[in-house]
Amino acid sequence: MLAMAGLPIYIHAPKFYVDSYGVGLAALGAVLAGLRLIDVVQDPVLGWLAQRVRRYRGASVMVGGVLMAVSMVGLFAVPPPLPPVVWFGLTLTGLFSGFSFLTITFYAQGVQKADVIGAGGHVRLATWRETGALLGVCIAAVAPTVLIGTGAPFALFAWGFVGLAALAVFAMAREWQGAPVAQMETGLAHILRDRLARRLLLIALVNATPVAVTSTLFLFFVESRLAAPGAEGPLLLLFFLSAAVSAPLWGRIAVRIGAKRALLAGMGLAILSFGYAAFLGAGDVAAFAVICFASGVALGADLTLLPAIFATRMAQIAPNPEQGFGLWSFVTKVTLAIAALTLLPVLEFSGFQPGQPNAEPALFMLTALYAVLPCVLKFLALALFAGTTIERG
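Draft legend 1. How the structure looks around the overall build of the protein. Looking only at helices and strands, the protein features 13 helices and 0 strands. Start at the N end of the protein and walk to the C end: the helices and strands fall as α-α-α-α-α-α-α-α-α-α-α-α-α. In terms of overall dimensions, the protein is globule-like: its C-alpha atoms have a radius of gyration of 20 Å, near the 21 Å expected for 393 residues. Projected onto the principal axes, the alpha-carbon positions of the protein cover approximately 60 × 45 × 35 Å. Each of the 393 residues in the protein was classed as buried or not, and the buried ones make up 57%. Expressed as a percentage of contacts within the protein between residues at least 6 apart in sequence, the contacts between residues at least 24 apart total 83%. Per element, the accessible surface of the protein, about 16,200 Å² overall, is 71% carbon and sulfur. For the protein, the distance from the average position of its 23 positive side-chain charges to the average position of its 16 negative side-chain charges is 12 Å.

Written out as structure tokens, the structure is:
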């Protein structure tokens, strides 16, 4: 449920508001960047709040679920009662605030859960958690396309999300009961004083940026560079299903060779796939499908192993890990702000027009931003991680 309200919303919502209400790319980019800048304060504060209300987690999780459900309906199923760009910002603020709080709570609870499920608990738990999240992303990525014949695909998606949110909150209710509060309080300063924690947060920031870039530009790349409108849904499904299927495999590989070596292999695979995409042109849908598969497998490593490594460190230094995951949530989401703030205005300035014939310079810029930039960023993340000492596990 949480994953359905994360990455897919960045894929669908901007194009939905462009197509339905004529909102400009630059305006949407500014709004998305502003929302992520709110997280500079919000995510650490929500981490602090999640720690303070730990004794009442069941009730707080219910409030967060309701906020997400109402915001999703407002975003996609309610005609904007305000100027569309304003309504876009307000509904996304509610959606992502609930998303942030519940994600922080969910990951923090995982630190405690991993301690009681045996050796390698953090990697094992991350494998299940991220596989479920990736399946949620798969559903959300393709659902509007599958529902296109209904006449209101995004409205139906929003109401379906409401039902799933109710089911998810109910199913997890027992997990929040009696959540213990450690005697030693840990805050942001304590976590940031730890050299390894700081390093992992930096790596998470750099490593997530390529995915933010490709997510922001994916629909435009398929529609305009590949000249394949209508292929977006199957390609997205292939990408996320590859990630979901590979996540358990990466968990097994990490048990055998260590989480660090496994993640480095995944990063290398991502670089190869990003580089290959730079050479594609109109009609190269089959080749791009291969890229979607390979980059999806690489994403499975990112989403499974890096959070598990960070959770292991939090278990060692932060008995109350909510604020640590508030920072983690911030650095992984701020990449989307960077992408929105820079990519969409640059693309518009180059002369690119969504859904219209574009000159070669505009298509060249689209390719450079979608394929070459992520390759460079991923190589930087790999270099940073290779130079970081991580205990085997």
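Draft legend 2. Examining the state of the cysteines more closely. Under the defined criterion, the tally for this structure stands at 0 disulfides. Note on C292: no disulfide assigned, nearest cysteine sulfur contributed by C138 at a separation of 12 Å. For C292, a relative accessible area of 2% gives the class buried. The thiol of C375 is not disulfide-bonded; the next cysteine sulfur, from C292, is found 16 Å away.

Draft legend 3. Seen up close, the nonpolar core. Formed by 126 residues in total, the largest nonpolar core has its most connected members in I9, F76, L217, F240, F288 and F325. A270, I271, A298 and C375 belong to the second-largest nonpolar core, a separate cluster that totals 5 residues.

Draft legend 4. Looking closely at the environment of L380. As for its placement among the helices and strands, L380 is situated in helix α13 (residues 360-386). The class of L380 is partly exposed, set by a relative accessible area of 42%. Remark: the alpha-carbon pair of L380 and G34, spanning 346 residues in sequence, is separated by 26 Å.

Draft legend 5. Local environment of the pattern of salt bridges. Throughout the structure, instances matching the rule amount to 6 salt bridges. Between K15 and E223 there is a salt bridge, with the nearest N and O atoms lying 3.8 Å from each other. In this pair, K15 sits in helix α1 (residues 7-21) while E223 sits in helix α8 (residues 195-225), placing the two residues 208 residues apart along the sequence.

Draft legend 6. Summary view of the packing of α8 against α13. As a packed pair, α8 and α13 sit with axes 9 Å apart at the nearest point and diverge in direction by 160 degrees. Our classification of the angle between α8 and α13 gives roughly antiparallel. Handedness of the crossing formed by α8 with α13: left-handed.

The rules behind each value
- Residues numbered from 1 in each chain as written.
- Predicted model: local features only at pLDDT ≥ 70, side-chain atom pairs only at ≥ 80, totals over all residues.
- Heavy atoms only, no water.
- Helix = DSSP H or I, 4+ residues; strand = E, 2+ residues; numbered from the N terminus.
- Rg over C-alpha atoms; globule rule 2.2 N^0.38 Å.
- Buried < 20%, exposed > 50% of the residue type's maximum accessible area, 1.4 Å probe, protein only.
- Contact = heavy atoms within 4.5 Å.
- Areas by Shrake-Rupley, 256 points an atom, 1.4 Å probe, with all protein chains shown as cover.
- Lys, Arg positive; Asp, Glu negative; His and termini not counted.
- Charge placed at Lys NZ, Arg CZ, Asp CG, Glu CD.
- Disulfide = S-S within 2.5 Å.
- Core = buried A, V, L, I, M, F, W, Y, C linked by side-chain atoms within 4.5 Å.
- Salt bridge = Lys/Arg side-chain N within 4 Å of Asp/Glu carboxyl O.
- Axes fitted to C-alpha atoms, helices over the stretch in contact; angles between N-to-C directions.
- Parallel < 35°, antiparallel > 145°, perpendicular 65-115°, else oblique.
- Left-handed = near helix turned anticlockwise from the far one by under 90°.

Read these as geometric descriptors, not functional statements.
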